[in-house]
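# Fold and geometry: a report
What follows is the residue order along each chain.
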Amino acid sequence: MTHDAGRVAAKRINDHVELVHDDNPELVFEVPRRDWEAFTTAVKSGAFDLRTLEREAEENVA
């Protein structure tokens, strides 16, 4: 695993990339490899916020 963005680990798996936050390792976010470049561009521009995604995931579990 490589560490990016301080506390997020990215692991390349065949057709997708798994992102795991060190503070919440049981929550795994999968990004298709074909979408990886667009995903990282969105994160860097601020258009995609991982904290928002985490809140939405928690709401869906509850």
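How each quantity is defined
Each chain has its residues counted from 1, running along the sequence as written. For a predicted model such as this one, the threshold for reporting local features is a pLDDT of at least 70, and the threshold for listing and counting side-chain atom pairs is 80 or more; totals across whole chains, interfaces and linings nevertheless cover every residue. Processing note: side-chain calculations cover all non-hydrogen atoms of the structure and skip hydrogens and water entirely. The pLDDT value expresses, per residue, how confident the predictor is, ranging between 0 and 100. What counts as a helix is a DSSP run of H or I of at least four residues, what counts as a strand is a run of E of at least two, and both are numbered from the N terminus. Buried means the residue's accessible area, taken with a 1.4 Å probe over protein chains only, is under 20% of the maximum for its type, while exposed means over 50%, and partly exposed covers the values in between. In the analysis that follows, any N or O atom pair within 3.5 Å is treated as a polar contact, provided that within protein one partner can donate a hydrogen and the other can accept it, and provided that, for residues neighboring in sequence, both atoms belong to side chains. The contact criterion used is simple: two residues touch if any of their non-hydrogen atoms lie within 4.5 Å. In these notes, a set of buried Ala, Val, Leu, Ile, Met, Phe, Trp, Tyr and Cys residues joined through side-chain atoms within 4.5 Å is what counts as a nonpolar core. Put simply, two rings from Phe, Tyr or Trp (the six-membered ring, in Trp's case) pair if the centres are within 6.5 Å, and we call them stacked under 30 degrees between planes, edge-to-face over 60, tilted for the rest.

Under the annotation held in an unreviewed UniProt entry, the protein carries the name DUF397 domain-containing protein and is attributed to Nonomuraea turkmeniaca.

This part covers the confidence of the model for the protein. Per-residue confidence for the protein gives a mean pLDDT of 78, with 73% of residues at or over 70. Looking at the elements of the protein, mean pLDDT is at its lowest for strand S1 (residues 2-4), recorded as 44, and at its highest for strand S3 (residues 16-21), recorded as 89.

A few words on the side chain of His16. Mapped onto the elements, His16 comes out in strand S3. Classification of His16 by relative accessible area gives buried; the value is 13%. Only 3.0 Å separates the side chain of His16 from the side chain of Asp15, close enough to count as a polar contact. At a separation of 3.4 Å, a polar atom in the side chain of His16 contacts the side chain of Glu18. Apart from the residues within four sequence positions on either side, His16 is in contact with Lys11, Glu30, Val31, Pro32 and Arg33.

Soluble globular proteins tend to pack their nonpolar side chains together in the buried interior. Counting six residues, the largest nonpolar core is built from Val8, Ala10, Val17, Leu19, Val31 and Phe39. For this core, the elements supplying multiple residues, two or more each, are strand S2 (8-13) and S3.

Glancing now at the packing of aromatic side chains. Tallied over the entire structure, the rule returns two aromatic pairs. An angle of 40° between the planes, with centres 5.7 Å apart, marks the rings of Phe29 and Phe39 as tilted. One end of the pair, Phe29, is in strand S4 (residues 24-32); the other, Phe39, is in helix H1 (residues 36-45), with 10 residues separating them in the sequence. By relative accessible area, which is 12% here, Phe39 ends up buried. Ring pairing ties together the aromatic residues Phe29, Trp36 and Phe39, which thus form one cluster.

Once that is clear, we can look at the environment of Ser45. As for its position among the elements, Ser45 is in helix H1. The class for Ser45 is exposed, based on a relative accessible area of 57%. For Ser45, the side chain forms a polar contact with the main-chain oxygen of Ala42, separated by 3.0 Å.

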